[in-house]
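# Architecture at a glance
Read off the chains here:
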Amino acid sequence: MFKKHLAETLTYLVLWGILFIAPVLSLYVRTAGDSTLTFDWSEVLMVWRQYSVFFAIFLIHNHLLAPLLVYRQRRVLYFSFVAIVIALFVTIQCSNRPHNLKYRRPQHEMVGYRQPPLPSFDDDFDDGHRPPEFDGQRPPLRPEGMMERGGHVPPARFDQHDIVSTVMLVLMLFANLGIKLYFRQRQDQQQMADLERKNLEQRLEYLKYQLNPHFLMNTLNNIHALVDIDPERSKEAIIQLSKILRYVLYESNSPRVPMTKEREFMDNYTTLMRMRYGDKLSYSANLLDDVAGVSVPPLLFVSFVENAFKHGVSYQHHSFIAIDSKRYKDKNGDDRLLWTCRNSKHAKPANTTSTPSQGGVGLSNVRQRLDLIYGEHYSLGVNEADDTYEVILDIPLKT
């Protein structure tokens, strides 16, 4: 807020500074180009006096009137006050100049004026008679149109100078309003961007905290099943689970984690899950080796692998899970990651409720996270056949 008002104030100072310096520079250029002219500060002061009136009205409008429209949305009140200000300006402008050149005082009534002596007509006329119109009278000294009968001064008129001054005033007021609206719009946009960023962070945190319980629930179910099958191996599974929990609780709180950490987490998770199925599961993982310095969102791939174990592995049939990853450059020369998870697909018994292989809270949250993190810069596809199911994820890599 302070920076916004500082930028607006500096804008006004620069504009008014240029306006007040302009007559000084103009007079300097004229006197420099013509040696017969001298630099007269009285001309500059006369222009500055006119500018001071506009500056005073600007201060009133900027600090009192414009906030009515910009911050309070009081349109009727704002335009009413602006109309009153303009009307007062026009009235004062005309009252300060009651006499135009056409209606100036008669010359013989001006201070310091000396009336010339009457001419002698004796030498001009042979008969010694003066013309009747000059007999004992002085010639009329009031120019035509300068005074009305009875000595009344004619009212001031709204001439071209007043029109130009009023137009300049209106332009100044609306320029001030435009600048204030511009900075208000920038402030609103900044606040909106901050709100969107905070909302995005909150949504990402909410989705990640939904992933954690969902993931832990499936992991504990697998350990519970392993306890019944092989109690000794269940102890090893608990150790693997402790490593997984350490990563989830302490290392996945950042928006991005090193790819090496995510790969280590995936190894621990798949090792734990494979203990349950033994030789009935064929597992292969071709993960990247050159991932030094590469970062990815935490827990990004685990939902796909979890979905493969949950829906693609059967105790009655031989099953497989194959994970593959490839790093490549797109047409713009940017690094990208093509990650695939392919698993077997088995028909569900007729007496059980069918669960879509792509459903579940985990995958739904992953899609939302991808939308929030990458926007339109990622692709997520599914290839589904009668006996296989494949997820293909293409994301940009950041180092």
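Scroll up to find the structure.
Residues numbered from 1 in each chain as written. Predicted model: local features only at pLDDT ≥ 70, side-chain atom pairs only at ≥ 80, totals over all residues. Heavy atoms only, no water.

## Brief notes about unusual backbone geometry
Residues other than glycine seldom take positive phi values, yet Gln 73 does so here, at roughly 60°. Here Gln 73 lies in the loop between α2 (41-70) and α3 (75-95). Even without being glycine, Leu 299 reaches a positive phi, approximately 55°. Along the polypeptide, Leu 299 turns up in the loop between β3 (295-296) and α7 (302-312). (Helix = DSSP H or I, 4+ residues; strand = E, 2+ residues; numbered from the N terminus.)

## A word on the pattern of salt bridges
Summed over all chains, the structure comprises eight salt bridges. Here Lys 180 makes a salt bridge to Glu 8, at a shortest N to O gap of 2.7 Å. In this pair, Lys 180 sits in helix α4 (residues 160-229) while Glu 8 sits in helix α1 (residues 2-33), placing the two residues 172 residues apart along the sequence. No difference in accessibility class separates Lys 180 from Glu 8, as the two residues are buried. Connected through shared salt-bridge partners, Arg 327, Lys 329 and Asp 335 make up one network. (Salt bridge = Lys/Arg side-chain N within 4 Å of Asp/Glu carboxyl O. Buried < 20%, exposed > 50% of the residue type's maximum accessible area, 1.4 Å probe, protein only.)

## A look at the side chain of Thr 270
With respect to the element layout, Thr 270 can be found in helix α6 (residues 259-274). Thr 270 gets classed as buried once you look at its relative accessible area, which sits at 1%. A polar contact of 2.9 Å, which involves the side chain of Thr 270, links it to the backbone oxygen of Met 266. Residues contacting Thr 270, with those up to four places away along its chain left out, are Tyr 283, Val 305 and Phe 309. (Polar contact = N/O pair within 3.5 Å; in protein donor to acceptor, adjacent residues only side chain to side chain. Contact = heavy atoms within 4.5 Å.)

## So, the pairing of strand β6 (residues 379-384)
Look at any regular strand and the pattern is simple: side chains alternate between the two faces of the sheet. With six bridges connecting them, β6 and strand β7 (residues 388-396) associate as antiparallel partners. Bridge pairing in β7 places Asn 383 opposite Glu 390. What sits between β6 and β7 in their antiparallel hairpin is a turn of three residues. (Pairing = 2+ DSSP bridges.)

## Things to note about the packing of aromatic side chains
By the definition in use, this model includes 19 aromatic pairs. With a centroid separation of 5.6 Å and an interplanar angle of 85°, the aromatic rings of Phe 20 and Tyr 51 are classed as edge-to-face. Pair noted here: Phe 20 is in helix α1 and Tyr 51 is in helix α2, with a separation of 31 residues, a long-range link. The partly exposed category is assigned to Phe 20, whose relative accessible area is 21%. Between Tyr 269 and Phe 309, the aromatic rings sit 6.4 Å apart at their centres with planes inclined by 90°, giving edge-to-face as the arrangement. Within this pair, whereas Tyr 269 is found in helix α6, its partner Phe 309 is found in helix α7, the two being separated by 40 residues in sequence. In this structure Phe 309 comes out as buried when scored by relative accessible area, which is 1%. Ring pairing ties together the aromatic residues Tyr 12, Trp 16, Phe 20, Phe 39, Trp 41, Trp 48, Tyr 51, Phe 55 and Phe 58, which thus form one cluster. (Phe/Tyr/Trp six-rings, centres within 6.5 Å; stacked < 30°, edge-to-face > 60°.)

## Quick look at the packing of α6 against α7
The contact between α6 and α7 brings their axes to 11 Å, and the two run at 10°. The angle between α6 and α7 places the two elements in the roughly parallel class. Crossing angle aside, the handedness with which α6 passes α7 is right-handed. In this structure, α6 contributes Phe 265, Met 266, Tyr 269, Thr 270, Met 273 and Arg 274 to the contact, and α7 contributes Val 302, Val 305, Glu 306 and Phe 309. Looking at the contact of α6 with α7 residue by residue, the classes come out as seven nonpolar, one polar and two charged. (Axes fitted to C-alpha atoms, helices over the stretch in contact; angles between N-to-C directions. Parallel < 35°, antiparallel > 145°, perpendicular 65-115°, else oblique. Left-handed = near helix turned anticlockwise from the far one by under 90°. Nonpolar A, V, L, I, M, F, W, Y, C, P; charged D, E, K, R; others polar.)

## Structural notes on the pairing of strand β5 (residues 335-344)
The buried count for β5 comes to eight of ten residues, which makes it a mostly enclosed element. Relative to β5, strand β4 (residues 319-329) runs antiparallel, the two being bridged by nine bridges. When the bridges of β5 are listed, Arg 327 appears paired with Leu 337. Counting the residues between successive antiparallel strands, the hairpin from β4 to β5 contains five residues, one of them, Gly 333, with a positive phi of roughly 85°. The pairing of β5 with β7 spans nine bridges and is classified as antiparallel. Paired with Arg 342 across the strands is Glu 390, a residue of β7.

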